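# Chain and residue survey
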Amino acid sequence: MTEEKPDAISEQFTNVLKSGKTVLTLEESRKVMELSGVPFNKSGLAKTEEDAVELAKKIGYPLVMKIVSPQIIHKTEVGGVKVNIGSDEELKKAYNEIIASAKAKVPDAEIQGILLEEMVSGTELIIGTTTDPQFGHMIMFGIGGIFVEVYKDVSFRLIPISAGDANEMLNELQGGALLKGVRGLPGADPKQLVEILMSVSKLVEDHPEIAEMDLNPLMITKRGTIAVDARILLNEPTK
Ligand SMILES: Nc1ncnc2c1ncn2[C@@H]1O[C@H](COP(=O)(O)OP(=O)(O)OP(=O)(O)O)[C@@H](O)[C@H]1O
Ligand SMILES: [Mg+2]
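Notes on the structure follow.

Reading the values: rules and limits
- Residues numbered from 1 in each chain as written.
- Chains lettered and ligands numbered in written order.
- Predicted model: local features only at pLDDT ≥ 70, side-chain atom pairs only at ≥ 80, totals over all residues.
- Helix = DSSP H or I, 4+ residues; strand = E, 2+ residues; numbered from the N terminus.
- Rg over C-alpha atoms; globule rule 2.2 N^0.38 Å.
- Buried ≥ 20, exposed ≤ 12 C-beta atoms within 10 Å, placed from the backbone.
- Contact = placed C-beta atoms within 7 Å.
- Near = placed C-beta within 6 Å.
- Nonpolar A, V, L, I, M, F, W, Y, C, P; charged D, E, K, R; others polar.
- Domains from an automatic or database assignment.
- Pairing = 2+ DSSP bridges.
- Axes fitted to C-alpha atoms, helices over the stretch in contact; angles between N-to-C directions.

### Section: the overall build of the protein
- Helix and strand counts for the protein stand at eight helices and 10 strands.
- In terms of C-alpha radius of gyration, the protein reaches 18 Å, essentially the compact-globule figure of 18 Å for 239 residues.
- A principal-axis box enclosing the C-alpha atoms of the protein has dimensions of 55 × 50 × 35 Å.
- When burial is assessed residue by residue, the protein has 34% of its 239 residues classed as buried.
- Within the protein, residue pairs in contact and separated by at least 24 positions form 64% of the contacts whose partners lie at least 6 positions apart.

### Remarks on the site of ligand 1
- Residues in contact with ligand 1 amount to 16 residues; listed here are only the nearest, H74, K75, T76, V228 and D229.
- Those elements that provide at least two residues to the shell around ligand 1 are strand 2 (63-68), strand 3 (81-85) and strand 8 (210-221).
- Grouping the constituent residues of the shell around ligand 1 by class yields seven nonpolar, four polar and five charged.
- If you count residues domain by domain, the shell around ligand 1 takes at least three from each of domain 1 (42-118) and domain 2 (123-234).

### Brief notes about the sheet that holds strand 2
- The antiparallel open sheet is built from four strands, whose spatial order is 1-4-2-3. Edge positions in the sheet fall to strand 1 (43-46) and strand 3, since each of these pairs with one other strand and no more. Each strand of the sheet is rotated relative to its neighbour by a mean of 25°, with strand direction disregarded.
- Sheet topology note: the strand 2/strand 4 (residues 113-118) ladder contains six bridges and is antiparallel. Looking across to strand 4, one finds that K66 is bridged to L115.

Printed below as a string of structure tokens:
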């Protein structure tokens, strides 16, 4: 696990706000979450098609490609995510398609590059935080996919949470069996999930300027629970 570096995180936030933005890119959000101790899959940013081919050698196929732009919050909506890329040919084609689609859908988007990521599989989880006007920062944990969208199978707590709170959150889910692993899908190590929930809680506790963040999804893989998407929104700075 990466050691916590609150200074690097504050610096990152200051830079984003200085540039007049409140939304961190996928790459910036991942970096902050990694510094907070959240494990991620292998990744790298490609700025050209050639970069992408070189990077793919390090990450390995199959891989996932995602647009990195401060103006694009929901990447899938703009054709900005492609999964299961299996060769250099597919990679080059996808690289150009992602950029063309993003430019067509968000004409003034500043495209910083395309993130190449190791492709992983397993049950999808979601962790998010919001700011309630009355209660302050809240943390949410649930099973991803239709369990969030249809069944609303999620658990909430006020930040900060204790290890006991985090354990209760795991036990409260209707689909809790999925955490243990069913039908050949790997189960999660509850200790690791508790650590991740506490890392997120601590990040928001230490940085109350975070208005919202989410890890959507985290995946329960054979190698442990790994986040593959991250988003952080900051409060407008008070003048
Ligand atoms: N590295 C990966 N390996 C396997 N599947 C992935 C990977 N990254 C993303 N996916 C799948 O693609 C979906 C969309 O990717 P991602 O969450 O990064 O994009 P998004 O459009 O910003 O998502 P949203 O706005 O819904 O949070 C994920 O929910 C997941 O199902
Ligand atoms: Mg996502």
